[in-house]
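Here is how the chains run, residue by residue.
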Amino acid sequence: MSKTETVKSSFEPDPDITEEALATMREEVLDRVIVARVGLLLRHPFFGNIATRLNVQNCDDWCPTAATDGRNLYFNTQFFNALSNKEIEFVIAHEIMHCIFDHLIRREDRDPMLYNIAADYIVNNTLVRDRIGEIPKLVPCFQDWKYSDWTSEEVYEDLKKEAEEKGKEFLEELGELLDEHVDWENDPDSEGKDAEGEKNGKSSRPSYTKEELEKIRDEIKENMMSAAQAAGAGNVPKEVARMIKELTEPKMDWREILRQQIQSTIKNDYTFSRPNRKGWHLNAVLPGMNFQDTIDVCIGLDMSGSIGDDQAQDFLSEIKGIMDEYQDYNIKIWCFDTEVYNEEDFSADGGKSLLEYDIQGGGGTDFDANWRYMKEHDITPKKFIMFTDGYPWGSWGDEDYCDTVFVIHSNRDRSLVAPFGVTAHYEG
């Protein structure tokens, strides 16, 4: 969680408690954490299996509730002491789900407060739905069935829209964060702390390098797969089962899907009115492609914020590689957010490479802007290809206007399928 603006738990540990009393309480809490983990193993083996892999450490000196870095379960002694065993089960599972959903990394450059609230809605809805422990009464947690089957990014956009209309003060009426969403990297106060979080003899929040955090993410993925296998079918939240399916089932590469879709636009489109020069050395006149009716595609680049220059260049490079295989093509490229801008036309004999296209950033997302633009400018491509993060504010577009291919990048839900057209997921 960013240190600037946040919605924290109203629970405040007693600052006047003695070290002796705290030590005695901590021993009791550790015993109850063991009981809670056993309870999870018996009733919810997926969560119990992962819980036993987490090191349990107190965070009394730096965290008022609970936190996790993917390897450790951090607890505030007084906070856990105020919970029932079933509520402790819920908090443990809550930390586990944040790790599995990779919420810290997925936040990217979004507003920390809004995204952390969105992440809590997703996690709490899942746990309450599947009856994992009991949601704590001590904290009015963020939980609303309105967000059932939403992604954290979709919840974020909804909260952002409301915050812009009502002001962020309205968030205080919705609930409180159950735990601390900590940025484990680049902590300005972390100098002198090691990965075990020790400084001057006291427990303190650890920090990690990017390489260490990547290693932890790989460990979480492995633990998730192992725990799901041990728990068996039917004992894994549906969101997790979907993630595992995406990780384990073979899928066609987005490049191959893109190639197939572009090639499908040239079926039987040959003409002798534009002979193929490649046959001249054979003293033969071979049919060429019909420039008007052959590879005629439009490409829209979603510049709402999550697309990076490297991804965009990789995408355009793949398009260029496909186009280079053909004598003639006609391509229109534009960027869009809530409107279309920077349209450029490229053709086989235009003299300008696709890789020279100027990619421009923007904000907001309105997929319909593409169809409005095409209709206003009388553009009807054989294929419209959208490179997007898959998070529209409203509709996905007009499915009856033209054939559409969605190449989706930076979306956590690898099973996401657009409501029409062809969907491929970008893998760099």
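A. Region of interest: a nonpolar patch on the surface. A cluster of nonpolar side chains, Ile34, Val38 and Leu42, forms an exposed patch at the surface whose accessible area comes to about 300 Å². If you trace the backbone, Leu42 turns up in helix α1 (residues 19-43). The class for Leu42 is exposed, based on a relative accessible area of 69%.

B. A look at the sheet that holds strand β2 (residues 66-68). Pairing in this open sheet of 3 strands is mixed, and the strands run β1-β3-β2 from one edge to the other. If you trace the sheet from one side to the other, it starts and ends with β1 (55-58) and β2, each paired once. Across the sheet, the axes of successive neighbouring strands diverge by a mean angle of 20°, strand direction being ignored. In the sheet, β2 pairs with strand β3 (residues 72-75) via 3 bridges, with the strands oriented antiparallel. Bridge pairing links Thr68 to Leu73 in β3. Running over the sheet, α1 touches β1 and β3 and is turned about 150° from β1. Here helix α4 (residues 85-100) sits on the sheet in contact with β2 and β3, set at roughly 35° to β2.

C. Examining the pairing of strand β11 (residues 383-388) more closely. For β11, the tally of buried residues reaches 6 of 6 residues, placing the bulk of the element in the interior. The alternating pattern of β11 places Lys383, Ile385 and Phe387 on one face and Phe384, Met386 and Thr388 on the opposite face, and all of these are buried. Across 5 bridges, strand β8 (residues 296-302) lies against β11 in parallel orientation. Within β11, the residue paired with Val297 across the bridge is Lys383. Bridge count for β11 against strand β12 (residues 404-408) is 5 bridges, and the pairing is parallel. Counterpart to Thr388 in the pairing with β12 is Ile408.

D. Layout of the packing of α4 against helix α6 (residues 112-129). Between α4 and α6, the least distance of the axes is 10 Å, while the angle of their chain directions is 125°. By the angle between their directions, the pair α4 and α6 is classed as oblique. In this structure, α4 crosses over α6, and the sense of that crossing is right-handed. Residues Phe90, Ala93, His94, Met97 and His98 of α4 touch α6, and the partners they reach there are Ala119, Asp120, Val123, Asn124, Thr126, Leu127 and Val128. The class makeup of the residues in the contact of α4 with α6 is 7 nonpolar, 4 polar and 1 charged.

E. Structural view of the packing of helix α8 (residues 210-231) against helix α9 (residues 238-248). Contact geometry of α8 with α9 gives a least axis separation of 11 Å together with a crossing angle of 110°. The orientation of α8 with respect to α9, classified from their angle, is roughly perpendicular. Packed against α8, whose contacting residues are Lys221, Met224, Met225 and Ala228, the element α9 presents Val240, Met243, Ile244, Leu247 and Thr248 at the interface. Tallied by class, residues from the contact of α8 with α9 come to 7 nonpolar, 1 polar and 1 charged.

F. Looking closely at α6. Helix length check: α6 (18 residues) gives 26 Å between terminal C-alpha atoms against 26 Å at 1.5 Å per residue, within 8%. Burial within α6 is extensive, with 16 of its 18 residues counted as buried. The N-terminus of α6 is capped by Asp111, whose side-chain oxygen sits 3.1 Å from the backbone nitrogen of Met113. Positioned one or two residues after α6, Arg131 has a phi angle of 55°, which is positive.

G. Structural view of the nonpolar core. Phe46, Phe47, Phe80, Ile92, Ile100 and Leu159 are the most contacted members of the largest nonpolar core, which has 57 residues in total. With 10 residues, the single largest contributor to this core is α6. Formed by 30 residues, the second largest nonpolar core is a distinct cluster that contains Tyr357, Val405, Val407 and Tyr426.

H. Representation of the pairing of β12. Counting buried positions over the 5 residues of β12 gives 5, a clear majority of the element. As paired strands, β12 and strand β13 (residues 422-425) are joined by 4 bridges and run parallel to one another. By the bridge assignment for β13, Val405 is matched with Val422.

I. Region of the structure containing the packing of aromatic side chains. Considering all chains together, one arrives at 19 aromatic pairs under this definition. Pairing Tyr115 with Tyr156 gives two aromatic rings, centres 6.3 Å apart and planes at 55°, and the pair type is tilted. In this pair, Tyr115 sits in helix α6 while Tyr156 sits in helix α7 (residues 152-166), placing the two residues 41 residues apart along the sequence. Since its relative accessible area comes to 0%, Tyr115 is described here as buried. By relative accessible area, Tyr156 is classed as buried at 5%. Where Trp371 meets Phe384, the ring centres are 5.3 Å apart and the plane angle is 80°; that geometry is what we call edge-to-face. Residue Trp371 is found in helix α12 (residues 368-376), and its partner Phe384 is found in strand β11; the two are separated by 13 residues along the sequence. Pair check on accessibility: Trp371 and Phe384 agree, each one buried. Of the aromatic side chains, those joined through ring pairs into one cluster are Trp334, Phe336, Phe367, Trp371, Tyr373, Phe384, Trp396, Phe406 and Phe420. Looking at Arg110, its charged tip hangs above the ring of Tyr156, at a distance of 5.8 Å from the centre.

Here is what the cut-offs are and how they apply
Residues numbered from 1 in each chain as written. Predicted model: local features only at pLDDT ≥ 70, side-chain atom pairs only at ≥ 80, totals over all residues. Heavy atoms only, no water. Patch = residues over 30% accessible without salt bridge, like charges linked within 9 Å, V, L, I, M, F, W, Y side chains within 5 Å. Areas by Shrake-Rupley, 256 points an atom, 1.4 Å probe, with all protein chains shown as cover. Salt bridge = Lys/Arg side-chain N within 4 Å of Asp/Glu carboxyl O. Helix = DSSP H or I, 4+ residues; strand = E, 2+ residues; numbered from the N terminus. Buried < 20%, exposed > 50% of the residue type's maximum accessible area, 1.4 Å probe, protein only. Pairing = 2+ DSSP bridges. Axes fitted to C-alpha atoms, helices over the stretch in contact; angles between N-to-C directions. Contact = heavy atoms within 4.5 Å. Parallel < 35°, antiparallel > 145°, perpendicular 65-115°, else oblique. Left-handed = near helix turned anticlockwise from the far one by under 90°. Nonpolar A, V, L, I, M, F, W, Y, C, P; charged D, E, K, R; others polar. Expected span 1.5 Å × (residues − 1). Polar contact = N/O pair within 3.5 Å; in protein donor to acceptor, adjacent residues only side chain to side chain. Core = buried A, V, L, I, M, F, W, Y, C linked by side-chain atoms within 4.5 Å. Phe/Tyr/Trp six-rings, centres within 6.5 Å; stacked < 30°, edge-to-face > 60°. Lys NZ or Arg CZ within 6 Å of the ring centre and 35° of its normal.

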